[in-house]
Amino acid sequence: MDLSVAIGSLRIPNPLIAASGCFGYGVEYADSVDLSSLGGVAVKGLFLAPREGHVPPRIVETPSGMLNAIGLQGIGVHRFIDEKLPELRERKATVFVNICGTTIDEYVELARILSDADGVHAIELNISCPNIKEGGITFGCSLPGTHNVVSAVRRATRLPVIPKLTPNVTDVASFARAAEEAGADAISLVNTFLAMAIDVETRRPKLTNIVGGLSGPAIRPIAVRMVYECRQAVKLPIIGMGGIATAEDVLEFMIAGATAVQVGTASFVDPFIWTKLLDGIRAYMRRHRIETLSDLTGTLDTTARHKAWISS
Amino acid sequence: MDLSVAIGSLRIPNPLIAASGCFGYGVEYADSVDLSSLGGVAVKGLFLAPREGHVPPRIVETPSGMLNAIGLQGIGVHRFIDEKLPELRERKATVFVNICGTTIDEYVELARILSDADGVHAIELNISCPNIKEGGITFGCSLPGTHNVVSAVRRATRLPVIPKLTPNVTDVASFARAAEEAGADAISLVNTFLAMAIDVETRRPKLTNIVGGLSGPAIRPIAVRMVYECRQAVKLPIIGMGGIATAEDVLEFMIAGATAVQVGTASFVDPFIWTKLLDGIRAYMRRHRIETLSDLTGTLDTTARHKAWISS
Amino acid sequence: MPVDVDAAVISNTRLSDDYSVLALAAPAIATHALPGQFVMLKTSRGRDPLLRRPFSIFQILRHDDGSPRGVTVFNKRIGKGTSLLYDVEAGARLECLGPLGRPFDPVDPPVLAWMVAGGVGLAPFVTLAEALIARGTAVTLFYGARRAADLHCAPIFERLGVSIAVSTEDGSRGTPGLITAPLSTALSAIPASQPLRLYVCGPTPMMRAVAGVAASHGRPCDVSLEQVMGCGLGGCYSCVVPARDAGGVPHHTRSCIDGPVFDATRIVWEALVH
Amino acid sequence: MPVDVDAAVISNTRLSDDYSVLALAAPAIATHALPGQFVMLKTSRGRDPLLRRPFSIFQILRHDDGSPRGVTVFNKRIGKGTSLLYDVEAGARLECLGPLGRPFDPVDPPVLAWMVAGGVGLAPFVTLAEALIARGTAVTLFYGARRAADLHCAPIFERLGVSIAVSTEDGSRGTPGLITAPLSTALSAIPASQPLRLYVCGPTPMMRAVAGVAASHGRPCDVSLEQVMGCGLGGCYSCVVPARDAGGVPHHTRSCIDGPVFDATRIVWEALVH
Ligand SMILES: Cc1cc2nc3c(=O)[nH]c(=O)nc-3n(C[C@H](O)[C@H](O)[C@H](O)COP(=O)(O)OP(=O)(O)OC[C@H]3O[C@@H](n4cnc5c(N)ncnc54)[C@H](O)[C@@H]3O)c2cc1C
Ligand SMILES: Cc1cc2nc3c(=O)[nH]c(=O)nc-3n(C[C@H](O)[C@H](O)[C@H](O)COP(=O)(O)OP(=O)(O)OC[C@H]3O[C@@H](n4cnc5c(N)ncnc54)[C@H](O)[C@@H]3O)c2cc1C
Ligand SMILES: Cc1cc2nc3c(=O)[nH]c(=O)nc-3n(C[C@H](O)[C@H](O)[C@H](O)COP(=O)(O)O)c2cc1C
Ligand SMILES: Cc1cc2nc3c(=O)[nH]c(=O)nc-3n(C[C@H](O)[C@H](O)[C@H](O)COP(=O)(O)O)c2cc1C
Ligand code: FES
Ligand code: FES
């Protein structure tokens, strides 16, 4: 059985990527998870400089989901390259570096720096973090903004460039098209949904940042729909995510149109989820006699089983 | 204790309204729920003519939520007035009629017809049903569309006009403003989120309609954020909804900025939810020494408790 | 008027790997339940699974003095909610809403009552058989299953005095094949002058086939349809089936309040999704 | 390396309306647990509540032959997850991930060990006391609670040979008021030449106060901080606390892997959110 999939020129052993912001820099998990057995590790969003992020509380649980407003705390790209990348390289991880900037120049500089580093396999352009103003969301909510930042980064690096789209827009497919036209190698979606929770006893927001991003199983049906819409709009490989917690969920995203997936929130609940997902995918492939997993991508059958029997 | 709230010129005994499409025409519940004890009943979306709706399956459960693609099956406005309205009047229900059209003229005609009917208290303009093409979503996703349909209906009726906004847009507050400028008496939000679910064994959509609308507790944090955004954008009363299942959830929406709320999906799970919600609200008012419930609306305290102690 | 009972689980008897009989303390529901009615059960206390699940009322439980104690449901494990119910232990509590839906209309002698059940479709027939036998009506059960191991609860019907004809698809018990074959044979053997009504519950293709057999023999036939239900009370329009109204015009009608029991001739079978 | 055990609940002993001791069969965790470490417990089997909850390892359970059998947690009911745990019955299964976090560093004689606990902050001190006593270190427990009824488990410490000083805010047992008062008195009574280390766990304001007292007496002090935790493994950055690095510069550091135990002088108390 062949579980490998191709994200542009990058072939990864299986479609399971640890989602950015949900797996630290990967090294935190190096002793408990075989990093080389993952399709890849998307490391926590990095700016050029270190950042301390938002004042806690930074997360709050919601029905079948959670809000986060971490505020992109991070060590900055230079310390990442010096302190984390060597271990990731040694552990043979496929590394997707998630980058954030305030200006196009910052994205371009991050991409240049990372292109020169040994052990970086792809750049995920975070233009969709909902809970900080400077995290590129201004690019991610504007079609020209998306186009401009993607094409600038595209010119600055030989690495695959993967803009990560926000779901907080009216027509996500138009952003997929903008990314494609600007030369992206793939797109990833969805980042979190802008949301909030209130402590009714104190009448204060539960998060110090007031708003945060909703992730987890709660959002899965919306994320699947968005992947499906993008699949029809572009030819680019899609990395789908949003609430994946079981092998069935992985398959659902792939059938909707994803080439690979990321798993975030569910890996908080079960850090050893990866082998369970792989086992479940293999069992499905056996049951359905699928030799090559990538054949599954975009195979949703929408020919109606039942015709409307009455004019509606 | 005063639980009554005002939606424009309409004062209702408490803020709890049964959500459109989730309570039939109200009469189905007349024997088990005292309709006059509710803040109101928003009846199922009505077109001018009867409609048969979509081919089943029409719903599918998702984590802490559900998708629906009912397709606005309904008996049409005339049969509603003849067959359902008399009983609603007799039961002393406050009736919000949710109307859907394909053209502005249809909305206007519906509003005219309903203005002449005895026992209709407000018109909820459904311009946000995500799972049919003709359900006004083209109005609901365009600012001029929203403005035009609201002002046309506004001119056609003396009843309060309450456009119901879709959450499937980048900036819901701009739609609230468009509604306000067009003369709406209030706005209601959110309708459901466009979403989908796939049966991985058959590789077919779980809903015959392919996509459906996500409702239930899963979406609550996004809906609360949208109510909060609209509260800051407009002065209109807001009827908030999306995943309300407990008294705490009602209070959360009110603190975020809602004057009243609607409860949909949770009333499927517990048809007798109404007295439990009222009891919970009363207990909260006692605990917090609140005499007038409407004082709670929009009282979210966003003055940060904690200053960032380090530049971020 | 339905009531919502936070019912204690009295027992959960596993009949096989996928069938169990769940007994619930719910006197207020047991008091008013009619044959063919159903309850909506919450399968867990959290919000996942969110919605209740519909179940036929299988048996009415009574105290020694005959007063109503509760109901049982005949549960077949097919997904998330039914698996949770299969695993439930005595002492747990489940929210149980009912009784709901349009019941069967039991016939009186000399009309014969033939009940036709496929798999878990057996569920509504214990209470119907009791009601029929209480009226003195002669009752026969035609019971089809995939294999002998899936034929449950025959003794309950035997004790009530119900005649039983059985078929299995794999031939491991009774007539091999589908239940429609022995049913057709039996119908052909009955003189047209003998009044008779069919009551059917099972998989949709089976009900459709039986409805066809009934029609070809000119016999009245009631079917109990199983649709996905969001609310059980007429609120959501999720549970619709294509049925003809009095004028013969087909409409989507709600099976939770207009059914689940329908006259088979009202159903537009070719349009019924399964 | 942490392991995830689908642990059977051996027992759940309710101490009061809101406290219980939950015993879990998890030998693989018991084998490696160190004092002050914690586990992440899934409080239900569905997806609501979604996230695990952190709990200090309260006791190590052993078989008669001394081999590790499992762990207990000292559970205080304050919300959804802890209520579910309070209600859990023996026989249920809970996913339990651990051991996690930086443990306490037990001192050796002649250094004295003074443990200061507020409320449910008692949880990490049974295992710490055992480790200290095994080294021959003299141990004192200062234990503060709101009222006498909230002072649990003193006998466990007495049996281990720990000296106990108690305070209650309502004066219903021991010194009236906060535990800092008797602690300050006792610290003043000890000669500076007598080496001593404080170990503290409790509500944040109490830990901050004790850290202040320790500093004013020039005593080293370890605190075990309680932050909301999404993952417990360093993945999510939800659990950060403001701490000074070696150069004295303050940073947000993850309390799940850099803590939960910190040298009190590293914490920027005025910036710590509670
Ligand atoms: C009036 C009525 C009476 C019923 N009586 C009984 C009974 O006595 N005993 C019993 O075991 N079952 C009965 N059912 C069916 C039962 O409600 C379903 O099996 C149950 O809802 C499935 O829940 P789940 O969470 O296990 O399945 P899910 O995990 O929700 O779904 C698993 C699969 O089953 C399908 N499914 C879900 N609901 C139904 C349904 N209602 N009919 C057919 N397929 C469905 C889904 O589409 C999905 O493919 C009855 C249904 C109705 C409408
Ligand atoms: C390392 C560590 C060890 C712990 N050890 C124990 C222990 O041994 N025994 C014990 O009973 N508890 C312990 N806790 C606290 C315990 O994890 C929380 O009480 C629990 O997560 C609350 O879950 P809930 O679902 O009941 O509350 P929720 O319903 O999630 O929340 C209820 C309220 O409590 C607040 N809250 C949630 N989590 C925490 C937290 N970690 N600290 C403070 N307030 C919180 C919420 O903000 C909310 O206001 C420990 C926490 C940490 C970080
Ligand atoms: C705590 C947390 C931190 C996150 N940080 C980032 C980040 O730094 N960069 C990014 O692109 N996405 C970030 N995300 C979004 C996730 O990568 C992912 O898009 C989202 O959570 C949906 O997937 P899930 O439901 O599987 O978690 C974060 C999510 C969470 C929950
Ligand atoms: C089965 C179903 C049918 C609905 N039909 C309508 C409708 O006819 N008109 C409308 O404006 N909204 C309709 N809605 C949306 C609800 O009124 C409400 O906006 C949404 O479900 C969010 O609230 P909830 O999470 O409390 O259900 C429907 C929702 C459901 C679940
Ligand atoms: S189940 Fe809701 S209308 Fe029938
Ligand atoms: S709890 Fe996730 S980083 Fe500490």
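Predicted, not measured: the structure shown is a model, and the values here were computed from it.

1. A look at the sheet that holds strand β3 (residues 38-41) of chain D
Residues and elements named next belong to chain D.
Now for step 1: Taken in spatial order, the seven strands of this open sheet run β4-β3-β7-β1-β2-β6-β5, and their pairing is antiparallel. Two strands close off the open sheet at either side, each with one partner strand: β4 (53-56) and β5 (59-62). Across the sheet, the axes of successive neighbouring strands diverge by a mean angle of 40 degrees, strand direction being ignored.
Now for step 2: Pairing between strand β1 (residues 3-14) and strand β7 (residues 93-100): six bridges, direction antiparallel. What sits directly across from D4, in β7, is L97.
Now for step 3: On the sheet, helix α2 (residues 80-87) packs against β1, β2 (19-25), β3, β4, β6 (68-76) and β7 and is oriented at approximately 65 degrees with respect to β1.

2. Some details on helix α4 (residues 143-156) of chain B
Residues and elements named next belong to chain B.
Now for step 1: Taking 1.5 Å of rise per residue, 14 residues should cover 20 Å, and α4 covers 20 Å from first to last C-alpha, within 8% of that figure.
Now for step 2: Residues G145, T146, V149, V150, S151, A152, V153 and A156 constitute the buried set of α4.
Now for step 3: Residues of α4 that are buried make contact with α2 (104-115), β8 (122-126), α3 (137-140), β9 (161-164) and α5 (172-181).

3. Some details on the relation of the copies chain B and chain A
Now for step 1: With an RMSD of 0.0 Å, the operation that places chain B on chain A is a rotation of 180 degrees combined with a shift of 0.0 Å along the axis. Between the two chains, the operation in question is that of a two-fold axis.
Now for step 2: Same-surface contact between copies: 100% of interface residues of chain B are shared with the interface of chain A.

4. A word on the domain arrangement of chain C
Residues and elements named next belong to chain C.
Now for step 1: Split by domain assignment, chain C resolves into domain 1 (3-100), domain 2 (109-223) and domain 3 (225-274).
Now for step 2: Facing eight residues of domain 1, the contacting portion of domain 3 comprises nine residues.
Now for step 3: Overall, the association of domain 1 and domain 3 removes approximately 580 Å² of surface from exposure, summing both partners, and the carbon and sulfur fraction of that is 73%.
Now for step 4: The tally of links from domain 1 across to domain 3 stands at zero salt bridges.

5. Remarks on the interface of chain B and chain A
Now for step 1: The partner chain A presents 58 residues to the 58 residues of chain B that form the contact.
Now for step 2: The tally of links between chain B and chain A comes to four salt bridges.
Now for step 3: Summed over the shared surface of chain B and chain A, the number is 20 residue pairs in polar contact (both at pLDDT 80 or more).
Now for step 4: With seven residues, the single largest contributor to the side of chain B that touches chain A is helix α6 (residues 220-233) of chain B.
Now for step 5: Split by residue class, the side of chain B that touches chain A holds 31 nonpolar, 13 polar and 14 charged.

6. Observations concerning the packing of aromatic side chains
Now for step 1: Scanning the entire structure with this criterion turns up 20 aromatic pairs over all chains.
Now for step 2: Their ring planes at 80 degrees and their centres at 6.5 Å tell us that Y25 of chain A and Y237 of chain D sit as a pair that is edge-to-face. Separated into two different chains, Y25 of chain A in the loop between β3 (16-18) and β4 (40-46) and Y237 of chain D in the loop between β13 (221-224) and β14 (240-244) make up a pair that spans both.
Now for step 3: With a relative accessible area of 1%, Y25 of chain A lands in the buried category.
Now for step 4: Between F104 of chain C and Y199 of chain C the ring centres are 5.4 Å apart and the planes differ by 90 degrees, which places this aromatic pair in the edge-to-face class. With a gap of 95 residues between them, F104 of chain C in the loop between β7 (93-100) and β8 (112-118) and Y199 of chain C in strand β12 (residues 196-201) connect regions that are remote in the sequence.

7. Observations regarding the site of ligand 2
Residues and elements named next belong to chain D.
Now for step 1: Taken together, 19 residues sit near ligand 2, with R53, P54, F74, G81 and T82 positioned nearest.
Now for step 2: One of the backbone nitrogen or oxygen atoms of K80 is found 3.0 Å away from an oxygen atom of ligand 2.
Now for step 3: At 2.5 Å from an oxygen atom of ligand 2 is found a side-chain nitrogen or oxygen belonging to T82.
Now for step 4: Burial of ligand 2 by the surrounding chains reaches 75%, relative to a free accessible area of 870 Å².
Now for step 5: Breaking the shell around ligand 2 down by element, the ones donating at least two residues are β4, β6 and α2.
Now for step 6: The element that contributes the greatest number of residues to the shell around ligand 2 is β4, accounting for four residues.
Now for step 7: Residue contributions to the shell around ligand 2 reach at least three from each of two domains, namely domain 1 (3-100) and domain 3 (225-274).

8. Looking at unusual backbone geometry
Now for step 1: The residue after G98 of chain C, namely P99 of chain C, is reached through a cis peptide bond having omega -5 degrees.
Now for step 2: Here P99 of chain C lies in strand β7.
Now for step 3: Cis peptide bonds are those with omega within 30 degrees of zero, and the linkage from G259 of chain C to P260 of chain C qualifies with 10 degrees.
Now for step 4: The residue P260 of chain C is located in the loop between β15 (250-254) and β16 (261-263) in this model.
Now for step 5: Its identity as a non-glycine residue notwithstanding, L72 of chain A has a phi of 55 degrees, on the positive side.
Now for step 6: Along the polypeptide, L72 of chain A turns up in the loop between β6 (65-68) and α1 (76-90).
Now for step 7: The residue I210 of chain A is not glycine, and still its phi comes out positive at about 70 degrees.
Now for step 8: Tracing the backbone shows I210 of chain A in the loop between β13 (204-205) and β14 (211-215).

9. Focus: the packing of helix α4 (residues 143-156) of chain A against helix α5 (residues 172-181) of chain A
All names here are of chain A.
Now for step 1: Following both chains from N to C, one finds α4 and α5 inclined at 30 degrees, their axes separated by 8 Å at the closest point. Between α4 and α5, the angle is such that the two are roughly parallel. Crossing geometry of α4 relative to α5 is assigned as right-handed. Along its contact with α4, which presents L143, T146, H147 and V150, the element α5 presents S174, F175, A178, A179 and E181.
Now for step 2: Of the residues belonging to the contact of α4 with α5, the class tally is five nonpolar, three polar and one charged.

10. With respect to the sheet that holds β7 of chain C
All names here are of chain C.
Now for step 1: With antiparallel pairing, seven strands are arranged side by side in an open sheet as β4-β3-β7-β1-β2-β6-β5. Here the strands that pair on one side only, and so sit at the sheet edges, are β4 (53-56) and β5 (59-62). Here the average twist between neighbouring strands, direction ignored, is 40 degrees.
Now for step 2: Contacts between helix α2 (residues 80-87) and the sheet are confined to β1 (3-14), β2 (19-25), β3 (38-41), β4, β6 (68-76) and β7, with β1 contributing the most and set at about 65 degrees to the helix.

Parameters and conventions
- Residues numbered from 1 in each chain as written.
- Chains lettered and ligands numbered in written order.
- Predicted model: local features only at pLDDT ≥ 70, side-chain atom pairs only at ≥ 80, totals over all residues.
- Heavy atoms only, no water.
- Pairing = 2+ DSSP bridges.
- Helix = DSSP H or I, 4+ residues; strand = E, 2+ residues; numbered from the N terminus.
- Axes fitted to C-alpha atoms, helices over the stretch in contact; angles between N-to-C directions.
- Contact = heavy atoms within 4.5 Å.
- Expected span 1.5 Å × (residues − 1).
- Buried < 20%, exposed > 50% of the residue type's maximum accessible area, 1.4 Å probe, protein only.
- Least-squares fit on C-alpha atoms with pLDDT ≥ 70 in both.
- Domains from an automatic or database assignment.
- Buried area = accessible area lost by both parts, 1.4 Å probe.
- Salt bridge = Lys/Arg side-chain N within 4 Å of Asp/Glu carboxyl O.
- Polar contact = N/O pair within 3.5 Å; in protein donor to acceptor, adjacent residues only side chain to side chain.
- Nonpolar A, V, L, I, M, F, W, Y, C, P; charged D, E, K, R; others polar.
- Phe/Tyr/Trp six-rings, centres within 6.5 Å; stacked < 30°, edge-to-face > 60°.
- Near = heavy atom within 4 Å.
- Areas by Shrake-Rupley, 256 points an atom, 1.4 Å probe, with all protein chains shown as cover.
- Parallel < 35°, antiparallel > 145°, perpendicular 65-115°, else oblique.
- Left-handed = near helix turned anticlockwise from the far one by under 90°.

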